[in-house]
Amino acid sequence: MVKLSLFPKSPKKLIRKAASKDLDAIMDIVWRTIMLLQSEGNQQWSEDYPTRDDFVQDISEGTLYVCEVNKTVAGFICCNLTAPAEYASVVWTASGSPALFIHRFAVSTDLHRKGIGTALLQKAEAVAVSKECKSIRTDTCSLNLRMRALFATNGYEKMGEVRFKGVPHVFYCFEKMI
């Protein structure tokens, strides 16, 4: 049996600010991501984080972007100027310089490896430039091999490790100079 995909290998992508109408699609991606991560023993996300309220706030602040493919939300990224408190122990290349922070970032599990994650990271870079940031900083669970590979492929360097309350695994912190 031949499996046909609704999306070509390199689908046309539209990245725009998220709106309230996107919340159901975003939460569907979150749920599918949680199921995938937990099947791999990764507790990075759970029923407690990220929540619908997190995304409502991101939308109201204008910091959440979605990638649409064929008019379907295929992924999202939140980027703002707020550093997690846990980052204080990390020695960043651009310490003391303005930085953009990526917080909530996922691609629909059925659309991995279609360039959507890279397109969202490129959007974060454009936002960083518009805000005169010198770098982009983010993190992912040490068990999240896909996200670690995506960051490496897109020029992010591992800068250190942190722990988040309630999560049993170490998180790797990454930075990309802009």
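Refer to the preceding data block for the structure.
Everything numeric here is computed off the predicted structure, so don't read it as measured data.

Definitions and limits used
- Sequence order as written defines residue numbering, which begins from 1 separately in each chain.
- In view of the model being predicted, local features appear only for residues whose pLDDT reaches at least 70, and side-chain atom pairs are presented and counted only at 80 or more, with totals across whole chains, interfaces and linings using the full set of residues.
- Only hydrogens and water are set aside; all other atoms, that is, all heavy atoms of the structure, feed into the side-chain values.
- The numbering of helices and of strands both runs from the N terminus, where a helix is a DSSP run of H or I of at least 4 residues and a strand a run of E of at least 2.
- Think of it in three bands: residues with accessible area under 20% of the maximum for their type are buried, residues over 50% are exposed, and the middle band is partly exposed, with areas taken using a 1.4 Å probe on protein chains only.
- Two strands are counted as paired when DSSP detects at least two bridges linking them.
- To obtain an axis, a line is fitted to C-alpha atoms, over the contacting stretch when the element is a helix, and the angle between two such axes runs from 0 to 180 degrees between their N-to-C directions.
- Any two residues having at least one pair of non-hydrogen atoms within 4.5 Å are treated as being in contact.
- Note on terminology: angles under 35 degrees are roughly parallel, angles over 145 are roughly antiparallel, angles of 65 to 115 are roughly perpendicular, and the others are oblique.
- By convention the crossing between two helices is left-handed if the near helix lies anticlockwise of the far one by an angle smaller than a right angle, and right-handed if it lies clockwise.
- Residue polarity follows a fixed list, in which Ala, Val, Leu, Ile, Met, Phe, Trp, Tyr, Cys and Pro are nonpolar, Asp, Glu, Lys and Arg are charged, and the others, Gly among them, are polar.
- Residue types Ala, Val, Leu, Ile, Met, Phe, Trp, Tyr and Cys, when buried and joined through side-chain atoms within 4.5 Å, form a set referred to as a nonpolar core.
- Between 30 and 60 degrees the pair is tilted, below 30 it is stacked and above 60 it is edge-to-face, where a pair is any two Phe, Tyr or Trp rings, Trp via its six-membered ring, whose centres lie within 6.5 Å.
- Counting as a charge over the ring demands two things of the Lys NZ or Arg CZ atom: a distance within 6 Å of the ring centre and an angle within 35 degrees of the ring normal.

Undergrad: Please clarify how unusual backbone geometry should be interpreted in this entry.
TA: The phi angle of most residues is negative, glycine excepted, and most peptide bonds adopt the trans form. Looking along the chain, the bond that leaves Tyr-49 and enters Pro-50 is cis, with omega of -5°. Mapped onto the secondary structure, Pro-50 falls in the loop between helix H1 (23-39) and helix H2 (52-61). Despite not being glycine, Arg-113 has its phi angle at roughly 65°, a positive value. Within the secondary structure layout, Arg-113 lies in the loop between strand E4 (99-107) and helix H3 (116-130). For Arg-113, a relative accessible area of 75% puts it in the exposed group. Unlike most non-glycine residues, Glu-132 shows phi in positive territory, near 60°.

Undergrad: Can you walk me through the sheet that holds strand E6 (residues 157-162) in this structure?
TA: The strands making up a sheet associate through hydrogen bonds between their backbones, and the pairing can be parallel or antiparallel. The strand order across the open sheet built from seven strands is E1-E2-E3-E4-E5-E7-E6, with neighbouring strands paired in mixed fashion. The strands lining the two open edges of the sheet, one partner per strand, are strand E1 (13-17) and E6. Adjacent strand axes in the sheet meet at a mean angle of 30°, parallel and antiparallel pairs treated alike. Here seven bridges tie strand E5 (residues 135-141) to strand E7 (residues 171-177), and the two strands are oriented antiparallel to one another. Each bridged residue has a counterpart across the sheet, and for Cys-141 the counterpart in E7 is Phe-171. Against the sheet, H1 contacts strand E2 (64-69), strand E3 (72-80) and E4, and its axis sits at roughly 85° relative to E3.

Undergrad: Whenever I open this one, the packing of H1 against H2 confuses me. Can you help?
TA: For any two helices packed against each other, the geometry comes down to the angle between their axes and how far apart the axes lie. Here H1 crosses H2 at 135°, and the two axes come no closer than 10 Å. Between H1 and H2, the interaxial angle falls into the category oblique. Considering the relative orientation of H1 and H2, their crossing is right-handed. Touching Leu-23, Asp-24, Ile-26, Met-27 and Val-30 of H1 are Arg-52, Phe-55, Val-56 and Ile-59, all from H2. Class assignment of the residues belonging to the contact of H1 with H2 gives a composition of seven nonpolar, no polar and two charged.

Undergrad: It is not clear to me how the nonpolar core should be interpreted in this structure. Could you clarify?
TA: If you look at the biggest cluster of nonpolar residues, it comprises 26 residues, and the most contacted ones within it are Ile-77, Leu-100, Ile-102, Phe-105, Ile-116 and Leu-121. It is H3 that contributes the most residues to this core, six residues altogether. Formed by 16 residues, the second largest nonpolar core is a distinct cluster that contains Ile-29, Val-30, Ile-34 and Leu-64.

Undergrad: Please explain the environment of Phe-101 as it appears in this structure.
TA: Structurally, Phe-101 can be placed in strand E4. Residue classification places Phe-101 among the buried positions, given a relative accessible area of 6%. Linking Phe-101 and Thr-82, residues 19 residues apart in sequence, is a C-alpha distance of 6.4 Å. Apart from the residues lying within four places of it in its own chain, the contact partners of Phe-101 are Cys-78, Cys-79, Asn-80, Leu-81, Thr-82, Ala-83, Pro-84, Tyr-87 and Arg-137.

Undergrad: Can you help me understand the packing of aromatic side chains in this one?
TA: All told, the structure shown has seven aromatic pairs when counted by the stated rule. Both rings, one in Phe-55 and one in Phe-76, keep their centres 5.1 Å apart while their planes meet at 80°; by these two values the pair is edge-to-face. Separated by 21 residues along the polypeptide, Phe-55 in helix H2 and Phe-76 in strand E3 bring together distant segments of the chain. Considered together, Phe-55 and Phe-76 belong to a single accessibility category, that of buried residues. Between the aromatic rings of Phe-151 and Tyr-156, the centroid separation amounts to 5.3 Å while the plane-to-plane angle is 45°, which identifies the pairing as tilted. The two residues Phe-151 and Tyr-156 agree in class, both being buried. In this structure an aromatic cluster arises from ring pairing among Trp-45, Phe-55 and Phe-76. The ring of Tyr-172 has Lys-158 sitting right over it, with the charged end atom 3.8 Å from the ring centre.

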